[in-house]
Each structure stands twice: as structure tokens, then as C-alpha cells.
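# Residue-level structure breakdown
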Amino acid sequence: MADDSSNDDPNDALPLSDLERWVSPSTLEWLDEGDREKAAIQAEIDEDEAGYANYLFAQEEILRGLENEKGEQEPAKDRQVLRWSSSRTNPDGVNGTLLQNAEKNDEDGAVNTIYILSEALAGFGDQVWASSRHVSNCLANADRCREILSPLLTSSIHREEGPSEHKHPLLGTSFLELGAGAGVPGWTAMRCGARVICTDQAVADRIRCLAECAERNYCEMKDILPENDERLVNAAKTTVYPYNWGDDVHEVSHALSKDGKERFDVIVGADCVYMPWLHDQLLQSIDMLLSDRGVALLPFALHGNAKDRDVWGIADKAKTMGFKVAILEKQQLTPQKRCMEAKQGLSILFGLVDSHRVG
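Residues numbered from 1 in each chain as written. Predicted model: local features only at pLDDT ≥ 70, side-chain atom pairs only at ≥ 80, totals over all residues. Heavy atoms only, no water.

### Thoughts on the confidence of the model for the protein
Defined as follows: Here pLDDT means the predictor's own confidence in every residue, given as a number from 0 to 100. Secondary structure elements follow DSSP: runs of H or I of four or more residues count as helices, runs of E of two or more count as strands, with numbering from the N terminus. Between two residues, a contact is recorded if the distance between any of their heavy atoms is within 4.5 Å.
Averaged over all residues, the pLDDT of the protein equals 85, while 82% of them reach at least 70. Mean pLDDT across the elements of the protein bottoms out in helix α3 (residues 52-64) (52) and peaks in helix α6 (residues 184-191) (98). Overall, residues 155-163 carries pLDDT values under 50, and its contacts beyond four positions in sequence, including any with other chains, amount to 13 contacts.

Now the structure itself:
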């Protein structure tokens, strides 16, 4: 594999050898190829900073297709390792502090996670959007998590009798994040004891950062939990996988169970609804991967990139496909940027279950 040793900068990437346990052998090989390509590009930049580097930068921005509100190309942000913590008092949680400067939230029941903003901005996964913060806060709070799931589910994962009622409702559940971006909902579920599969589109840098998040969160859990703690045991089963909506789910389902027959209790796609042209593919993936007793949570905000009615159209499409749709709550959070409208911070949380599975 490529030599990816790092110095003492906490934002430097971990070596691939540290990430091997979180990805499949084929994904690891693909990530290694990506590292080699990146190293080769860097070598050419170093040789010709004035000419070739400018060319590469221009091509990279064209490929990303990112524009600000003035229609101008925006440059990439530096890779950053950050912390997000849940909060019972702040709907945004405690967000976006560089890891080396961040203090863990010591509120009772707070969940502290580590995430990385990827250099690959494809799909706008370079931010922790309001809906991601919203659903992560809901998942982190055990009582709130039960309350959110209970209108849709009658399964044992949230309404058990006896000692288990004091456990977090995600403990031991199978949890899938689609279009993860920074993956904060997935890392929150991992910290709460779920068996997590974290996916995003097949962009090598994005998947590499997600695998590194799994490693960093797991190592931190190891430092604070007993070796036999069920949360730590389940966290060790986390898998990161490149997956594009609508594609065959064979490898994702086999990442969850050896025979590929098990399906997910909880699926989260945070801020994945803003692209109406991908609603069909997103719903197809949920339909193929959701368990008989499962629930899909799709928090979103209206960003103005498409007509609001087209974004809301996913509800009618879901009903047509046989899902029961429930609007669970709305929560006003802080928009990610000052130039954004308030509605871009208004997170709308709705859930899906198969209508034929509801008693």
C-alpha cells in the first residue's frame, strides 16, 4: 500500500493500515489506489506549483461543480477533524469544534462524536447540515429516540419491559446511514450501541474519511468503556461502504450479515431529500434494505435548489410504493451559513415504514 504515514498534526489522515478493519478488502484496495493517485498529483504539484497546480485546481473545481450564491466557484476547504456533541438544551448540539480544541459535553446523557469534513465536496457532504444535527440529537437522547420511533414502530427495540427499558433503544439494533457525508448520525448511533453500516457515494476521499471516523470513534470508546461493554462490542462491527442509491444491495446486506438476509431496523438519510431527481433511487434502496419492523428517518430542510413542492413530493412517492409516512416533528436550527434563509435550518423529520407491516 501507499506510504501514508503522518506527522503529529491531529488533522492528518490516519494510515490505511488503521482503517482496514472498517472496510471490505475490495474497498481497501480502491482506497489504496486513491491514495496513490493523490500522491502522484501532489508530486506533480510540487514540481510545477505555478503552472500545473493552477490547472489541477481549476479542473478539480469544475468536476465538483460547486458555486456560491453569486455563481462563483468556491475553493476546497482544508481537511478538518472535528467534534460534535449532542445536547438536551441546544437543538444544534455542540457543533464544529476542532478536535484538538474541543472539550466533551459533560451534560447528562450527552453523546460525543468525532467527524471529518472531507476534501471531496461532491454531493455537498462538506457540512454538518441542520437536519443531520437534528436527527443526531434525537437519536442521542434515549427518551427522545423512543418517542420519535414509537409512532411508527411496535417492535421490541423501543418498548421493552424490565431492565432493558433502561438501555438505549438503539443498543443492538442494525443501523444504516445513506448519503452519510460526515456521518454524524451514524457515529451517534455507533456510540449508543447500534451495529452501524455507514455509506456514501463512491468518492474515495469521502469513504476514506468515514472509515477514519469509525476508527477514531471506536478508539475513543475503547478508552472509556469496559472491554465487554455491549456498546463497544457492537461498535467493533461497524462497516463503511461506498453505495449509490438504487444500486444492487448485495454487498451492503452482506456487510450486515454473512448470509445477506438480515435487513436494517433503522435507516437514516439526513438531508438527502433536497434532490427530487433522486427520490426514486433513494426510496428503492430503503425498500430493499429496511427490515419488516424497521423505520426509515429522512430529516430534511428546504434549500431552494428545487421547488418546495417537488422536494415534498417524496411523501407521495413513498405512499405509492407502499410506505406509511409520518411527519414526526419540525425543529428550527441554525442555518449552516449566514447567507442562508431560515428555512434552510428548519429541519423536518419524517419517517417511513412499510404500510403492510403496520398493525
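### Describing the pattern of salt bridges
Keep this limit in mind: Each reported salt bridge corresponds to a side-chain nitrogen of Lys or Arg within 4 Å of a carboxyl oxygen of Asp or Glu. Residue burial is assigned from relative accessible area. The probe radius is 1.4 Å, only protein chains are included, and a residue is buried under 20% of its type maximum, exposed over 50%, and partly exposed in between.
Inspection of the entire model under this criterion finds 19 salt bridges. Across the pair Arg144 and Glu329 runs a salt bridge, and its minimum N-O distance is 1.9 Å. Residue Arg144 is located in helix α5 (residues 142-149), and its partner Glu329 is located in strand β9 (residues 323-332); the two are separated by 185 residues in the primary sequence. Using a relative accessible area of 22% as the deciding quantity, one classes Arg144 as partly exposed. With a relative accessible area of 14%, Glu329 lands in the buried category.

### A few points about the sheet that holds strand β6 (residues 239-242)
Here is the rule: Strands are treated as partners if at least two bridges between them are detected by DSSP. Only the contacting stretch of a helix is used when fitting its axis, a line to C-alpha atoms as for every element, and angles between N-to-C directions run 0 to 180 degrees.
Taken in spatial order, the 7 strands of this open sheet run β6-β5-β4-β7-β8-β10-β9, and their pairing is mixed. Each having just a single partner strand, β6 and β9 make up the two edges of the open sheet. The sheet shows a mean angle of 20 degrees between the axes of neighbouring strands, taken without regard to direction. One ladder, built from 4 bridges, connects strand β5 (residues 195-200) with β6; its direction is parallel. Along β6, the bridge assignment pairs Thr199 with Tyr241. Taken strand by strand, helix α11 (residues 308-320) contacts β8 (290-300), β9 and β10 (346-354), and its axis lies near 155 degrees from that of β9.

### Some thoughts on unusual backbone geometry
Phi is positive for Asp271, close to 55 degrees, though the residue is something other than glycine. Along the chain, Asp271 turns up in the loop between β7 (264-268) and α10 (279-289). Residue classification places Asp271 among the buried residues on the basis of a relative accessible area of 8%.

### Comments concerning the environment of Val240
Of note, Val240 is situated in strand β6. Using a relative accessible area of 0% as the deciding quantity, one classes Val240 as buried. Each C-alpha atom of the pair Val240 and Ala255 lies 8.8 Å from the other, and the pair is 15 residues apart in sequence. Once you skip the residues sitting within four places of it in the chain, Val240 turns out to touch Trp22, Val23, Trp187, Cys198, Ile207, Leu210, Ala211 and Ala214.

### Quick look at the sheet that holds strand β2 (residues 94-98)
Strands sit in the order β2-β1-β3 across an open sheet of 3 strands; the sheet is antiparallel. For this open sheet the edge positions go to β2 and β3 (112-117), each flanked by a neighbour on one side alone. Put simply, the sheet's adjacent strands are angled 30 degrees from each other on average, direction ignored. Sheet topology note: the strand β1 (residues 80-85)/β3 ladder contains 6 bridges and is antiparallel. Bridge pairing in β3 places Arg83 opposite Ile114. Here α6 sits on the sheet and contacts β1 and β3; the angle it forms with β3, its principal contact strand, is near 150 degrees.

### Digging into helix α7 (residues 204-224)
Let me state the cut-off plainly: To estimate how far a helix should extend, the number of its residues minus one is multiplied by 1.5 Å.
The end-to-end C-alpha separation of α7 is 31 Å, in line with the 30 Å expected for 21 residues at 1.5 Å each. Counting buried positions along α7 yields 16 of 21 residues, so the element is predominantly enclosed.

### Describing the packing of aromatic side chains
Note the cut-off: Only the six-membered ring of Trp is used, alongside the rings of Phe and Tyr, when aromatic pairs are assigned; centres must lie within 6.5 Å, and planes under 30 degrees apart are stacked while those over 60 apart are edge-to-face, with the rest tilted. Geometrically, a lysine NZ or arginine CZ counts as sitting over a ring once it is within 6 Å of the ring centre and also within 35 degrees of the ring normal.
The tally for this structure, following the rule as stated, stands at 3 aromatic pairs. Between Phe300 and Phe350, the aromatic rings sit 5.7 Å apart at their centres with planes inclined by 85 degrees, giving edge-to-face as the arrangement. Linking Phe300 in strand β8 with Phe350 in strand β10, this pair joins segments that are 50 residues apart in sequence. Relative accessible area serves as the criterion here: at 2%, Phe350 is assigned to the buried category. Members of the aromatic cluster, each reached through a chain of ring pairs, are Phe300, Trp312 and Phe350. Between Arg21 and the ring centre of Trp22, over which it is positioned, the NZ or CZ distance is 4.7 Å.

### With respect to the packing of helix α4 (residues 130-140) against α5
Short version of the rule: By definition in this entry, angles of less than 35 degrees are roughly parallel, angles greater than 145 are roughly antiparallel, angles of 65 to 115 are roughly perpendicular, and the rest are oblique. Residue classes follow a fixed rule: Ala, Val, Leu, Ile, Met, Phe, Trp, Tyr, Cys and Pro count as nonpolar, while Asp, Glu, Lys and Arg count as charged, and any other residue, Gly among them, counts as polar.
The N-to-C vectors of α4 and α5 enclose an angle of 110 degrees; their axes lie 5 Å apart at closest approach. Relative to α5, the element α4 lies roughly perpendicular. The segment α4 lies against α5, with Cys138, Leu139 and Ala140 engaging Ala142, Arg144, Cys145 and Ile148. Across the contact of α4 with α5, the residue classes tally to 6 nonpolar, no polar and 1 charged.

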